[in-house]
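If you want the building blocks of each chain, they are given just below.
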Amino acid sequence: VEYDDHIEYKGKKLFKPFVEKPVNGDDHNIYIYYPPSHGGGQKRLFRKTKDLCSLFIPKANSIRRDKSYIYEEFLQTDGFDIKVYTIGPEYAHAEARKSPSLDGKVQRSPEGKEVRYPVNLTPHEKELARKIVKIFKQNVCGFDILRAKGNSYVCDINGWSFVKGNKKYYEVKNRKDI
């Protein structure tokens, strides 16, 4: 059931702001809904298109009902997301980038690459990286961390683009003689 400031499912309430993610992990159209007390509306996040990665739609307040979605609490961060890349359980590299929910503009270097900054992971975040590699059995993978409320939250786990759909990677990775 949808209300102006929250949704309710099986007696549990999730108050705005909240995040709506498609169940299909290949669909990157993620919405953030804001309560009337903050002006309402929704922020639509999507795959980067040139220098744009989100748009604010002030009069849109209703959740989508066309597919299946996951709803999560919106976590207020310091304005950046952390991208973590792993190679095996013992190596992780992390970079921060400006959060797409801030102003929707992608920061780019003079060469046209998205601006990212090296980040030192906390011991807890390094342990999260080890667990993700082992649990998902992905020696080469990436995931996103949000730092909020003094904690680290994993919000997305994925393979690297050269791994996705690459049959050769999976055939070699799973061979016993390597």
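Reference entry: report on the structure contained in this document. (Residues numbered from 1 in each chain as written. Predicted model: local features only at pLDDT ≥ 70, side-chain atom pairs only at ≥ 80, totals over all residues. Heavy atoms only, no water.)

## Some remarks on the sheet that holds strand S3 (residues 18-22)
Link 1 in the chain: Spatially, S6-S5-S4-S3-S7 is the arrangement adopted by the 5 strands of the open sheet, whose pairing is antiparallel. Pairing within the sheet leaves two strands with one partner each, and these edge strands are strand S6 (52-57) and strand S7 (69-73). Here the strands of the sheet are splayed against their neighbours by 20 degrees on average, with no regard to which way each runs.
Link 2 in the chain: Examined bridge by bridge, S3 and S7 share 5 bridges and lie antiparallel to one another. Along S7, the bridge assignment pairs Phe18 with Glu73. (Pairing = 2+ DSSP bridges. Helix = DSSP H or I, 4+ residues; strand = E, 2+ residues; numbered from the N terminus. Axes fitted to C-alpha atoms, helices over the stretch in contact; angles between N-to-C directions.)

## What about the layout of surface pockets?
Link 1 in the chain: Considered as a void within the structure, the largest pocket measures approximately 1,500 Å³ in volume.
Link 2 in the chain: For the largest pocket, the lining is made up of 49 residues, of which Ile30, Lys83, Arg97, Asp144 and Asp156 are closest to its centre.
Link 3 in the chain: Considered class by class, the residues forming the lining of the largest pocket number 23 nonpolar, 12 polar and 14 charged.
Link 4 in the chain: By volume, the second largest pocket amounts to about 240 Å³.
Link 5 in the chain: Forming the walls of the second largest pocket are Val1, Glu2, Ile7, Glu8, Tyr9, Lys12, Leu14, Ile63, Arg65 and Tyr71.
Link 6 in the chain: The set of elements that each furnish at least two residues to the lining of the second largest pocket consists of strand S1 (6-9) and strand S2 (12-15). (1 Å grid on protein atoms, 1.4 Å probe; cavity = no way out; pocket = protein on both sides within 12 Å on 5 of 7 lines; lining within 4 Å. Points joined across faces, edges and corners; volume = space filled by probe spheres on them. Nonpolar A, V, L, I, M, F, W, Y, C, P; charged D, E, K, R; others polar.)

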